[in-house]
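# Structural overview for review
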Amino acid sequence: NFGCGNDIRKGWVNADFIKRDGIDVVHNFNKYPYPFRTNTFDYIECVEVLEHLNDSIETVRELHRILKPGGQVKITAPYYLSYHAWSNPEHKRAFNFQTFKYFIAGTAENKAHNLGITFSSGKIKMTTGGGKYVINHVMQPLLNLWPDLFERTFLRAVFHPDGITAILTK
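First, a word on scope: everything that follows refers to the structure included in this document. (Residues numbered from 1 in each chain as written. Predicted model: local features only at pLDDT ≥ 70, side-chain atom pairs only at ≥ 80, totals over all residues. Heavy atoms only, no water.)

Attention shifts here to unusual backbone geometry. Geometrically, the link from Tyr32 to Pro33 is a cis peptide bond, its omega value of 0 degrees lying close to zero. Relative to the helices and strands, Pro33 resides in the loop between strand E2 (25-26) and strand E3 (41-47). At Asn39, a position not held by glycine, the phi torsion is positive, near 60 degrees. With respect to the element layout, Asn39 can be found in the loop between E2 and E3. For Glu48, which is not glycine, the phi dihedral falls at a positive 55 degrees. (Helix = DSSP H or I, 4+ residues; strand = E, 2+ residues; numbered from the N terminus.)

The subject of this paragraph is the nonpolar core. Residues Phe2, Ile75 and Phe100 are the most contacted members of the largest nonpolar core, which totals 36 residues. At the level of secondary structure, the elements contributing two or more residues to this core comprise E3, helix H1 (56-66), strand E4 (67-78), strand E5 (121-127), helix H4 (134-145) and strand E6 (163-169). For this core, the element with the most residues is E4, which contributes four residues. If we skip the residues at most four places from it in the chain, Ile75 touches Cys46, Leu50, Val60, Leu63, Phe100, Ile164, Thr165, Ala166 and Leu168. (Core = buried A, V, L, I, M, F, W, Y, C linked by side-chain atoms within 4.5 Å. Buried < 20%, exposed > 50% of the residue type's maximum accessible area, 1.4 Å probe, protein only. Contact = heavy atoms within 4.5 Å.)

Okay, the side chain of Ser56 next. When you line up the elements, Ser56 lands in helix H1. Within polar-contact distance, the side chain of Ser56 engages the side chain of Arg93 at 3.4 Å. Each residue touching Ser56, except ones within four places of it in the same chain, is listed here: Leu50, Arg93 and Phe95. (Polar contact = N/O pair within 3.5 Å; in protein donor to acceptor, adjacent residues only side chain to side chain.)

Turning next to the pairing of E3. Bridge count for E3 against E4 is six bridges, and the pairing is parallel. What sits directly across from Cys46, in E4, is Ile75. Each parallel crossover has a hand, and for E3 linked through H1 to E4 it is right-handed. (Pairing = 2+ DSSP bridges. Right-handed = clockwise from strand over helix to strand, strands pointing away.)

Relative to the elements of secondary structure, Thr169 occurs in strand E6. Take Thr169: its relative accessible area is 15%, and that puts it in the buried class. For Thr169, the side chain forms a polar contact with the side chain of Gln72, separated by 3.0 Å. Residues in contact with Thr169, not counting those within four places in the same chain, are Gly70, Gly71, Gln72, Phe119, Ser120 and Ser121.

Bringing the pattern of salt bridges into the picture now. Tallied over the entire structure, the rule returns seven salt bridges. Residue Asp7 is joined to Arg9 by a salt bridge in which the shortest nitrogen-to-oxygen separation is 2.7 Å. By relative accessible area, Asp7 is classed as partly exposed at 35%. Salt bridges sharing common partners tie together Asp7, Arg9 and Glu45. (Salt bridge = Lys/Arg side-chain N within 4 Å of Asp/Glu carboxyl O.)

Next comes the structure, spelled out in structure tokens:
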């Protein structure tokens, strides 16, 4: 439970930069390497953390390192056109559908830019706020049917996803 904040989970290794009840590992995640052995975890959740850190590439590199082969990391982050992406002054960057393709084997982005981090596979989806707005429930599946079309046309000016979820497998 990477960068868990107040989301303390029983049976998980809860890691955050502030010591409080339930935090198992206290660490500044802008400092590398992280205090975990290589190939330690089967699954890591990184929920709304990556946008707060100085170096998203180095962070993903460390998450990859501490995952076991076949392990998965689930990363959620704000979509770059979302109101929430830039309203928080602590956010250093935001993400779009293409961002996580740079880390997935076989994608054009991974082939063209050798970042030294390659997950064997990955699933990426744009997310909406859900909740009471019917449009969010209608648009989310449509956005993810044709994400490239959405991001490269006028449609991105009409409707903005709130976030990106990437599940990357080592």
